[in-house]
Amino acid sequence: MTKTSGAKAPTARERLLAAADELFYAEGVQSVGIDRIIERAGVAKASLYNTFGGKEELIRAYLDSRNGRLSGRLQRAVEGTDDPRERLLAVFDAQAALYAQPGYHGCAFLAASAEAKQGSAIEEASDASRAWVRALFTDLAREAGAPDPENLARQLHLLYDGGGVSARMDRDPSAGLVARQAAAVLIDATLPRRPADPASGEPAS
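First things first, this report covers the structure right here in the doc. (Residues numbered from 1 in each chain as written. Predicted model: local features only at pLDDT ≥ 70, side-chain atom pairs only at ≥ 80, totals over all residues. Heavy atoms only, no water.)

1. Quick look at the side chain of serine 129
In this fold, serine 129 is placed in helix H7 (residues 121–143). For serine 129, a relative accessible area of 2% puts it in the buried group. Apart from the residues lying within four places of it in its own chain, the contact partners of serine 129 are Asn67, Leu70 and Phe109. (Helix = DSSP H or I, 4+ residues; strand = E, 2+ residues; numbered from the N terminus. Buried < 20%, exposed > 50% of the residue type's maximum accessible area, 1.4 Å probe, protein only. Contact = heavy atoms within 4.5 Å.)

In structure tokens form, the structure reads like this:
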């Protein structure tokens, strides 16, 4: 009796998204035509239109998928420590690891937004991702006791953006470490000093 594999074949939607993720990220959302996506996915043209309706919604689905992976990666990094200061810095650690990967081509949302029309679904998806990251920084800053968590979040977000741009444009994976170092200085200058531990005799940090 022949054994059958338990793995399911990818659906047309999954194949289209995988092809879009590879080509859009490497070459740009406007540079890649739908015919190349369809050819890479190995599906009929009707499958793209039946599933997504058109190229713009495919791009949005690609960005939503990217955002899901981004948010999952950052959440896992943050949940790896209970220390409020280290939770803020964990965001930079997660991104620094990404910059070192050979397939890193910069921020997918920045690239897509630069090519998007104002008010388009592409711009909305890019804006949603940025809003999520800003909210994460704000929540973590508030948990750490920052006097003005929104302002600290904005400052950290600028460092986060700068690290990604530098890693891509300067082809310098160490930019993530530099961004983390700058974030640590900013965080330490902003957060209230913790009282000394009487048991340890160590000074406040």
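2. Concerning a nonpolar patch on the surface
A cluster of nonpolar side chains, contributed by Leu110, Val165 and Met169, occupies part of the molecular surface with about 300 Å² of accessible area. Of note, valine 165 is situated in helix H8 (residues 149–169). Judged by its relative accessible area of 35%, valine 165 falls in the partly exposed class. (Patch = residues over 30% accessible without salt bridge, like charges linked within 9 Å, V, L, I, M, F, W, Y side chains within 5 Å. Areas by Shrake-Rupley, 256 points an atom, 1.4 Å probe, with all protein chains shown as cover. Salt bridge = Lys/Arg side-chain N within 4 Å of Asp/Glu carboxyl O.)

3. Remarks on the environment of valine 165
Considering only alpha carbons, one finds valine 165 and tyrosine 99, 66 residues apart in sequence, at a separation of 10.0 Å. Those residues in contact with valine 165, other than ones at most four positions away along the chain, are Leu110 and Asp170.

4. Regarding the pattern of salt bridges
One pass over the full model with this rule turns up 15 salt bridges. The residue arginine 85 makes a salt bridge to glutamate 86 at a minimum N-O spacing of 2.7 Å. A relative accessible area of 27% means that glutamate 86 is categorised as partly exposed. Across the salt bridge formed by arginine 180 and glutamate 86, the nearest N and O atoms sit 3.4 Å from each other. One end of the pair, arginine 180, is in helix H9 (residues 175–190); the other, glutamate 86, is in helix H5 (residues 84–99), and 94 residues separate them in sequence. Through salt bridges with shared partners, a single ionic network connects Arg85, Glu86, Asp93, Arg180 and Asp188.

5. Overview of the layout of surface pockets
To find leftover empty space, one rolls a probe the size of a water molecule over the atoms. If you add up the space inside the largest pocket, you get close to 600 Å³. Listing elements by their share of the lining of the largest pocket, those giving two or more residues are helix H4 (55–78), H5, helix H6 (108–115), H7 and H8. Considering only residue class, the lining of the largest pocket consists of 12 nonpolar, 9 polar and 6 charged. (1 Å grid on protein atoms, 1.4 Å probe; cavity = no way out; pocket = protein on both sides within 12 Å on 5 of 7 lines; lining within 4 Å. Points joined across faces, edges and corners; volume = space filled by probe spheres on them. Nonpolar A, V, L, I, M, F, W, Y, C, P; charged D, E, K, R; others polar.)

6. Concerning the nonpolar core
Grouped together as the largest cluster of nonpolar side chains are 56 residues, with contacts concentrated most on Phe24, Ile37, Tyr62 and Phe137. It is H4 that provides the largest number of residues to this core, a total of 8 residues. With sequence-adjacent residues up to four places away left out, phenylalanine 137 is seen in contact with Leu88, Val91, Phe92, Ala153, Leu156, His157 and Tyr160. (Core = buried A, V, L, I, M, F, W, Y, C linked by side-chain atoms within 4.5 Å.)

7. Quick word on the side chain of aspartate 21
Relative to the assigned elements, aspartate 21 resides in helix H1 (residues 12–27). Within the structure, aspartate 21 has its side chain in polar contact with the side chain of arginine 66 (distance 2.9 Å). A distance of 2.6 Å separates polar atoms of two side chains, one belonging to aspartate 21 and the other to arginine 69. In contact with aspartate 21, other than residues within four places in its own chain, are Tyr62, Arg66 and Arg69. (Polar contact = N/O pair within 3.5 Å; in protein donor to acceptor, adjacent residues only side chain to side chain.)

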